[in-house]
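Each chain, letter by letter, is given below.
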Amino acid sequence: MTTPHLRTLLPALLATVVIALGSLWSLWYLPFLCGLALGTTTALRGQRARTAVLTATTAALAGWAAPLLWRAATGEAVAGTARTLAALAGLPALASLMITATLLISLLQALLGVWLARTTTATLRPTP
């Protein structure tokens, strides 16, 4: 018998690992797919939308932040690349600006995936 917290924690950890491994392989769209999966799973289990949103956003942010930290720790030029990208985009050459934008893109993908899954699941579910 599983506790409610374990039923939420395991999918979040799995989604985080999938997103992190996918970002290492340049699969930038995985936060959206994990948001779809988490939104559908929570809807079918009868859990609140808030649970799906918190789980998906945590997984998306941690899943993209961990590889960025790993790459920076192993000596890759993450900050230099981010500064160059910001300058090329006509923004102030701040690494933190581009890293924040990257994490926000991941967050938005996860939220859109949850929204689409919850809406579709609610639409397809027969009303009693």
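Treat the numbers as computed from the prediction; the structure is a model and nothing was measured.

Novice: What is the right way to read the nonpolar core from this model?
Specialist: Soluble globular proteins tend to bury their nonpolar side chains together. Counting twelve residues, the largest nonpolar core consists of Ala 15, Ile 19, Leu 30, Cys 34, Leu 38, Ala 52, Ala 56, Ala 59, Ala 60, Trp 64, Ala 110 and Val 114. Every element with two or more residues in this core is listed here: helix 1 (4-24), helix 2 (30-45), helix 3 (49-73) and helix 5 (95-124). Of all the elements, helix 3 adds the most residues to this core, at five residues. When residues no more than four places from it in sequence are discounted, the contact partners of Ala 56 are Gly 35, Leu 38, Ala 110 and Val 114.

Novice: Can you help me understand the packing of aromatic side chains in this one?
Specialist: Within a pair of aromatic rings, the relevant descriptors are the distance that separates the centres and the angle that separates the planes. The tally for this structure, following the rule as stated, stands at one aromatic pair. Measuring from ring centre to ring centre gives 5.7 Å for Trp 28 and Tyr 29, while their planes differ by 85 degrees; the resulting arrangement is edge-to-face. Overall, Trp 28 belongs to the exposed group, its relative accessible area being 56%.

Novice: Just checking my understanding: could you explain the packing of helix 4 (residues 78-88) against helix 5 for this structure?
Specialist: The interhelical angle for the contact between helix 4 and helix 5, taken along N-to-C directions, is 90 degrees, at an axis separation of 7 Å. Comparing the axis directions of helix 4 and helix 5 gives the class roughly perpendicular. On helix 5, the residues touching Val 78, Ala 79, Ala 82, Arg 83, Leu 85 and Ala 86 of helix 4 are Ala 95, Met 98 and Ile 99. In the contact of helix 4 with helix 5, the residues fall into eight nonpolar, no polar and one charged.

Novice: So what exactly am I meant to see when it comes to the environment of Thr 81 here?
Specialist: Position of Thr 81 among the secondary structure elements: in helix 4. What makes Thr 81 exposed here is its relative accessible area of 52%. Taking the C-alpha atoms as reference points, Thr 81 and Ala 95, 14 residues apart in sequence, are found 7.8 Å from one another.

Novice: For this particular structure, what's the right way to read unusual backbone geometry?
Specialist: Keep in mind that most residues, glycine aside, have a negative phi and that most peptide bonds are trans. Its identity as a non-glycine residue notwithstanding, Ser 26 has a phi of 65 degrees, on the positive side. A relative accessible area of 56% places Ser 26 in the exposed class.

Criteria and thresholds
Residues numbered from 1 in each chain as written. Predicted model: local features only at pLDDT ≥ 70, side-chain atom pairs only at ≥ 80, totals over all residues. Heavy atoms only, no water. Core = buried A, V, L, I, M, F, W, Y, C linked by side-chain atoms within 4.5 Å. Buried < 20%, exposed > 50% of the residue type's maximum accessible area, 1.4 Å probe, protein only. Helix = DSSP H or I, 4+ residues; strand = E, 2+ residues; numbered from the N terminus. Contact = heavy atoms within 4.5 Å. Phe/Tyr/Trp six-rings, centres within 6.5 Å; stacked < 30°, edge-to-face > 60°. Axes fitted to C-alpha atoms, helices over the stretch in contact; angles between N-to-C directions. Parallel < 35°, antiparallel > 145°, perpendicular 65-115°, else oblique. Nonpolar A, V, L, I, M, F, W, Y, C, P; charged D, E, K, R; others polar.

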